[in-house]
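# Observations on chain architecture
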Amino acid sequence: MNITGIIAEYNPFHSGHAYHIQKAREISGADYIVAVMSPDFVQRGEPAVFDKYTRTLAALLGGADLVLELPVLYACASAEYFALGAAALLDGLGAVDSLCFGSETPSLSLFLQSAKILEEEPEAYRRALQKGLRQGLTYPQARAGALAGHIPDRFFSSPNNILGVEYCRALRRLSSSIRPLPLQRLGNGYHDSSLKEGFCSATALRRGLAKGQSSQSLLPYVPEECRQIFSGACRHPVFPDDLMPWLTRQLLIRTDFTDIFDVTADLSDRLVNLSCSLIGKSWAQTVAAVKTRQMTEARIRRVLLHILLNIRQDLADECRAQGPVFYARILGFRKKAGPLLRQLKKSSRLPLLTKPAAAAGQLSGAGPDMLDLDFRVSHLYRSILTSRYGLPFKSEYQMGPLILP
C-alpha cells in the first residue's frame, strides 16, 4: 500500500489544493492521500476563515482520503515548529511513504541542501547569520541572507519553499523514512491577493470574503464538487477582528506575558506598556503597533494568538521533549479508505482518536494537556460562530469524524 501525506491549511480549500492532491497521487503513485490539516487557527496567526469541519469536508470532496487534525500548538507556530509537528504526526502513523508539498521549484536537491545547512550550521553560515542580526535584520531575513551564499538567490524568499525546507529538516530530525516530494506550484503566488483566471491563492479568496464579495463571484476558483459547501460557509466567515474582545481582556488583566509560548521578557514588557493604548484598535492596528524592526508581523500575529488562546511555554517545552505529538485525531475520511484505516491501526505508534469523549484515556505524558488545548480553542472559535451568526454551539465532545462514501 502506497500512502502519501500532504500538510495543509485549506484556508479555504480551492482548485489549486485539488490540483495538489491530484498531482501528489500521480507523482507518488499513491493508493491513498492523508492530509494533515490545521484546525480552527492557522500558522499566520489568525483564525481560519471557515471552521475545521467545513474545510475537512471540502478536502474529502476535493480528493483526500483521510484528514487528520494538526494540534493547535504546532498549527499556530513558526514554520520550523509547524513543520516538525506535522511531519512527526505523519511519521508516527508508521505507514506513510512520501510527503508531497507545493513549492516554487521542483528541485529536491535544493531543499535537502538547505535543510542540511540549517541543521548543521557550518561556520560560514553562522557568521553570515550573526552579521545580519547585528545589522538589525529580522531572523528570517538574516537566515535567508546567510543561506544566499550556499543556494541560488531568492530560493529561500518564498513561503512555500521555506515550508518545504522545514519539512525536509523535520524529516531529517526525526530520522524518518518518509520521502519528500516537491511539486511545482501553478497560478498566483502565495501572497497574491488578486483574483485572476486559473488558480488563485487562498489569500485572494480570504481578501474577497473580507471585502464582502459574493460567493458567486468566488466560485470559479473552487472545485465544482466543493462549491455547495463553499457557498454555505461564505455566510459565516471568521476574521481576525472577531478575536479582539478576547485579546482585549487578556491585555487588560495581565501584567506579565512571559509564561506564553514564544514571548520574550522584552516583548512582554512592550505588551504591558502598550496595553492601554491598544484598546479599541483593530487586529491589524494592534499588530502594527506591537511590531518592532527586529520582529516580523507574522511572529507578532502568532504571539497575540498565543496570548488569547493561552498557549503556554511550559506546555510547548513538555511536548517538544516528550513527543512531539501524542495522537492522530481523525477529522474525516472516505468509506473507501477502509483498507487505509485498517493499515494505520496496525502500524501507527500514535493512538488514532475518533471518539473525543474517550480520547484523554488513550493518552499519556503531555498528551491530555495538548488535547485539552485543542478542544478549548475550538470551543472559542465555535463560540464566535454562535455569538456572531447564531449558529448552534456544539462541544468538541459531541463531534465525531465526517464520513463520506
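Structural data are supplied above this passage.
These lines cover the structure that appears in this document, whether it is placed above or below.

Quick notes on the rules
- Residues numbered from 1 in each chain as written.
- Predicted model: local features only at pLDDT ≥ 70, side-chain atom pairs only at ≥ 80, totals over all residues.
- Heavy atoms only, no water.
- Helix = DSSP H or I, 4+ residues; strand = E, 2+ residues; numbered from the N terminus.
- Rg over C-alpha atoms; globule rule 2.2 N^0.38 Å.
- Contact = heavy atoms within 4.5 Å.
- Areas by Shrake-Rupley, 256 points an atom, 1.4 Å probe, with all protein chains shown as cover.
- Lys, Arg positive; Asp, Glu negative; His and termini not counted.
- Charge placed at Lys NZ, Arg CZ, Asp CG, Glu CD.
- 1 Å grid on protein atoms, 1.4 Å probe; cavity = no way out; pocket = protein on both sides within 12 Å on 5 of 7 lines; lining within 4 Å.
- Points joined across faces, edges and corners; volume = space filled by probe spheres on them.
- Nonpolar A, V, L, I, M, F, W, Y, C, P; charged D, E, K, R; others polar.
- Buried < 20%, exposed > 50% of the residue type's maximum accessible area, 1.4 Å probe, protein only.
- Pairing = 2+ DSSP bridges.
- Phe/Tyr/Trp six-rings, centres within 6.5 Å; stacked < 30°, edge-to-face > 60°.
- Disulfide = S-S within 2.5 Å.

Here we come to the overall build of the chain. Looking only at helices and strands, the chain features 19 helices and ten strands. Against the 2.2 N^0.38 benchmark of 22 Å for 405 residues, the chain shows a C-alpha radius of gyration of 20 Å, consistent with a compact globule. When the backbone C-alpha atoms are referred to their principal axes, the chain occupies close to 55 × 55 × 50 Å. Pairs at least 24 apart in sequence give 75% of the contacts found in the chain among residues at least 6 apart. Counting only carbon and sulfur atoms, one obtains 50% of the accessible surface of the chain, whose full area is about 16700 Å². The chain carries 47 positive and 37 negative side-chain charges, and their two centres are separated by 3 Å.

In this section: empty space enclosed by the protein. Inspection of the entire model under this criterion finds three cavities of 30 Å³ or more. By volume, the second largest cavity amounts to about 50 Å³. Lining the second largest cavity are Pro12, Phe13, Phe50, Thr54, Arg55, Ala58, Cys226, Ile229 and Phe230. Residue assignment for the lining of the second largest cavity shows that the elements contributing at least two residues are α2 (52-61) and α11 (227-233). When the residues that make up the lining of the second largest cavity are grouped by side-chain class, the tally is seven nonpolar, one polar and one charged.

Below, the discussion takes up the pairing of strand β6 (residues 98-103). Taking burial as the measure, the six residues of β6 include six buried ones, the bulk of the element. A two-sided burial pattern is seen for β6, the buried positions comprising Ser98, Cys100 and Gly102 on one face and Leu99, Phe101 and Ser103 on the other. Across two bridges, the pairing between strand β1 (residues 3-8) and β6 is parallel. Bridge pairing in β6 links Gly5 to Leu99.

This part is about the environment of Gly361. Tracing the backbone through its elements, the reader meets Gly361 in the loop between α18 (356-359) and α19 (367-389). Along the primary structure Gly361 and Lys281 are separated by 80 residues, whereas in three dimensions their C-alpha atoms are 42 Å apart.

Moving on, we come to the packing of aromatic side chains. Within this structure, the stated rule accounts for nine aromatic pairs. Between Phe41 and Tyr381, the ring centres sit 5.9 Å apart and the planes meet at 90 degrees, which makes this aromatic pair edge-to-face. With Phe41 in strand β3 (residues 41-42) and Tyr381 in helix α19, this pair connects stretches of sequence that are 340 residues apart. A single burial state applies to Phe41 and to Tyr381, both of which are buried. Look at Tyr81 and Phe261: their rings are 5.3 Å apart centre to centre, the planes differ by 50 degrees, and that puts the pair in the tilted class. In this pair, Tyr81 is assigned in helix α4 (residues 79-92) and Phe261 in the loop between α12 (244-253) and α13 (265-274), connecting sequence segments 180 residues apart. Grouping residues by exposure puts Tyr81 and Phe261 together as buried.

Okay, unusual backbone geometry next. Note that the residue after Asn11, namely Pro12, is joined by a cis bond; omega there is 0 degrees. Of note, Pro12 is situated in the loop between β1 and α1 (15-28). Going from Gly323 to Pro324, the amide bond is cis rather than trans, its omega being 10 degrees. In this structure, Tyr10 is a non-glycine residue whose phi angle is positive, near 50 degrees. Assignment of secondary structure puts Tyr10 in the loop between β1 and α1. For Asn310, which is not glycine, the phi dihedral falls at a positive 55 degrees. One can find Asn310 in the loop between α15 (297-309) and α16 (313-322).

Below, the discussion takes up the state of the cysteines. Applying the stated criterion across every chain, the model contains zero disulfides. Looking at the unpaired Cys76, the closest cysteine sulfur is the one in Cys319, lying at 14 Å. With a relative accessible area of 0%, Cys76 lands in the buried category. Left unpaired, Cys168 is separated from the closest cysteine sulfur, that of Cys100, by 11 Å.

In this section: the environment of Ser114. Turning to its location among the elements, Ser114 is positioned in helix α5 (residues 108-120). In this structure, the C-alpha to C-alpha distance between Ser114 and Phe156, residues 42 residues apart in sequence, is 8.7 Å. The residues touching Ser114, leaving out its near neighbours within four places in the chain, are Ile151, Phe155 and Val165.

Another aspect to go through is the pairing of β1. Counting buried positions along β1 yields six of six residues, so the element is predominantly enclosed. Taking every second residue as pointing to the same face, both faces of β1 are buried, with Ile3, Gly5 and Ile7 on one and Thr4, Ile6 and Ala8 on the other. Two elements, β1 and strand β2 (residues 32-37), share six bridges in a ladder whose sense is parallel. Residue Ile7 lies in a different strand from β2, and its bridge partner there is Val36.

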